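# Chain and residue survey
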Amino acid sequence: MKPIDEKAEAFLKQYIDTPSPTGFEYGGLKRWLDYTRPYVDRQFTDVYGTAVGVISPDKPYKVVIEGHADEISWFVNYISPEGLLYVVRNGGSDHMIAPSKMVNIHTENNGIVRGVFGWPAIHTRLRAGIAKEETPKTDNLFIDVGADDRAGVERLGIQVGDVITYPDELTVLNGGKYVGRALDNRMGGFMIAQVARLLRENEVELPFSLYLVNSVQEEVGLNGAQMISRTIAPDAAIVTDVTHDTSTPMIDAKVEGDIKCGAGPVISRAPAVQNNLRALILQAARKNGIPYQLAAHSRSTGTDTDAFAFSGKGIASALISLPLRYMHTTVEMVARKDVENTIRLIYQSLLEIPCGEDFRYIKL
């Protein structure tokens, strides 16, 4: 079983490089639907664009594997008389990394317009008499599109509400790491797509309907997962997202947990994680020699797991996370072997799920 083949790796680059900002995910989701079409029996999208592929749609027992498709971005919020754009966040965009970054402004009628997050030169920031050097904040970030005034900006087709993304593309760093923007969490969509491919190539007949869900708007409140969980009303859900590699500087592992890229997928314990399903995933990892790490969440997981777990009458849900460095930057980093092992773990976990014996309920 090869978790990532040559065709899959080509798809991964196309998928990561396609802008899919929160609320405007259709570009990446179209690529995902095109890629997964040969591996599923049915596809559909919902009102806000969450994309779903279904294997064996007529079986009564329903299992979801899920990742979210959206990436953080910015909105044009104000155009100054001098022709500079001021912004507000769309999701958890990091103001600290913005200065000097190139951006793509997605206009309604004029396609993509390029710009830059400008920033005063170090010479001017450190002049005598300035008590404290200014640091980047959302209220002082601005984008320069080379216009001389507001009218020049408007001639470019830019208006308030246009979404702004970074153009950074996926890179393979020294053979073992994927680096780029939007690995949080289009890697999730990529991994569940590979699970579907492996099921089809290995001619696996699951005893349940399997729903591959690539949801929208996770970055602004788990919105897509909340909606689609009610539409599908599954019996169980395995959610995949990213989590922090805590081995890098300025992160306290005593607070964030002891997680490292390359050491395997992360299996979480949390109130939203149903214990029987989590035990099944751990069993699959041990049985198949898949390395894994453990994490704990004191309240919510902060992922779509929470949306599925508490939907309707409750859905047996679990979280498998991919260790990632530099979250919400343009150089997010994951280990290729972690991606491969996460694919293997989801695949093997599906093979363990029983339908005859209902494992969903906790027996007291």
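If you look the protein up in an unreviewed UniProt entry, it shows as M20/M25/M40 family metallo-hydrolase from Candidatus Merdimorpha stercoravium.

This brings us to the overall build of the protein. For the protein, the count of helices and strands is 10 helices and 17 strands. Computed over C-alpha atoms, the radius of gyration of the protein comes to 22 Å, within 12% of the 21 Å expected from 2.2 N^0.38 for 364 residues, which places it in the range of a compact globule. Across the protein, contacts joining residues at least 24 apart in sequence account for 76% of those joining residues at least 6 apart. For the protein, the accessible area works out to roughly 16,200 Å², and carbon and sulfur atoms hold 51% of it.

The full count for this structure, using the stated rule, is 17 salt bridges. Of the charged contacts in the structure, one is a salt bridge between aspartate 245 and arginine 325, with a shortest N-O distance of 2.8 Å. Of the two residues, aspartate 245 sits in the loop between strand S13 (236-244) and helix H7 (253-256) while arginine 325 sits in the loop between strand S16 (316-324) and strand S17 (332-335), which places them 80 residues apart along the sequence. With relative accessibility at 1%, the residue aspartate 245 sits in the buried group.

So, about unusual backbone geometry. Cis peptide bonds are those with omega within 30 degrees of zero, and the linkage from aspartate 184 to asparagine 185 qualifies with 0 degrees. Its place among the elements puts asparagine 185 in helix H5 (residues 183-201). The residue serine 100 is not glycine, and still its phi comes out positive at about 80 degrees. Backbone geometry at leucine 222 places phi at a positive 60 degrees, although glycine is not the residue there. Looking at the element boundaries, leucine 222 is found in the loop between strand S12 (209-215) and helix H6 (223-232). On the basis of relative accessibility, which here comes to 14%, the residue leucine 222 falls in the buried class.

With respect to topology, six strands assemble into a closed barrel ordered S4-S5-S8-S7-S6-S9, the strand pairing being antiparallel. Strand-to-strand twist across the sheet, computed as the mean angle between neighbouring axes with direction ignored, equals 45 degrees. Where strand S6 (residues 102-106) and strand S7 (residues 112-117) come together, five bridges link them in antiparallel fashion. Within S7, the residue paired with histidine 106 across the bridge is isoleucine 112.

Covered by surrounding structure in S7 are Val113, Gly115 and Phe117 only, the residues Ile112, Arg114 and Val116 on the alternate face being uncovered. Hairpin connection from S6 to S7: five residues lie between these consecutive antiparallel strands, with glycine 111 at a positive phi of about 65 degrees. Examined bridge by bridge, S7 and strand S8 (residues 142-144) share two bridges and lie antiparallel to one another. The residue bridging valine 116 from the neighbouring strand is aspartate 144, located in S8.

This part is about the UniProt feature "binding site: Zn(2+) 2" (unreviewed entry) in the protein. In the UniProt entry, the feature "binding site: Zn(2+) 2" (unreviewed entry) is given for Asp184, Glu219 and His328. Across 145 residues of sequence, these annotated residues stay compact in space, with a maximum C-alpha separation of 10.5 Å. Among the annotated residues just listed, those lining the largest cavity are Asp184 and His328. Within the secondary structure, aspartate 184 sits in helix H5. By relative accessible area, aspartate 184 is classed as buried at 6%.

Let us look at the environment of glycine 27. Structurally, glycine 27 can be placed in helix H2 (residues 26-36). When the C-alpha positions of glycine 27 and tyrosine 15 are compared, they lie 8.7 Å apart, and in sequence the two are 12 residues distant. Residues within four places of glycine 27 in sequence aside, it is in contact with Thr18, Pro19 and Ser20.

Once that is clear, we can look at the sheet that holds strand S10 (residues 171-173). Strand order in the open sheet formed by three strands is S10-S11-S17, with antiparallel pairing between adjacent strands. The open sheet has two free edges, formed respectively by S10 and S17, since each of these has just one partner strand. Sheet twist, expressed as the average angle between the axes of neighbouring strands with direction ignored, equals 30 degrees. Here three bridges tie S10 to strand S11 (residues 177-180), and the two strands are oriented antiparallel to one another.

Rules behind the numbers
Residues numbered from 1 in each chain as written. Predicted model: local features only at pLDDT ≥ 70, side-chain atom pairs only at ≥ 80, totals over all residues. Heavy atoms only, no water. Helix = DSSP H or I, 4+ residues; strand = E, 2+ residues; numbered from the N terminus. Rg over C-alpha atoms; globule rule 2.2 N^0.38 Å. Contact = heavy atoms within 4.5 Å. Areas by Shrake-Rupley, 256 points an atom, 1.4 Å probe, with all protein chains shown as cover. Salt bridge = Lys/Arg side-chain N within 4 Å of Asp/Glu carboxyl O. Buried < 20%, exposed > 50% of the residue type's maximum accessible area, 1.4 Å probe, protein only. Pairing = 2+ DSSP bridges. Axes fitted to C-alpha atoms, helices over the stretch in contact; angles between N-to-C directions. UniProt positions renumbered as here; feature names shortened; annotations may be inferred. 1 Å grid on protein atoms, 1.4 Å probe; cavity = no way out; pocket = protein on both sides within 12 Å on 5 of 7 lines; lining within 4 Å.

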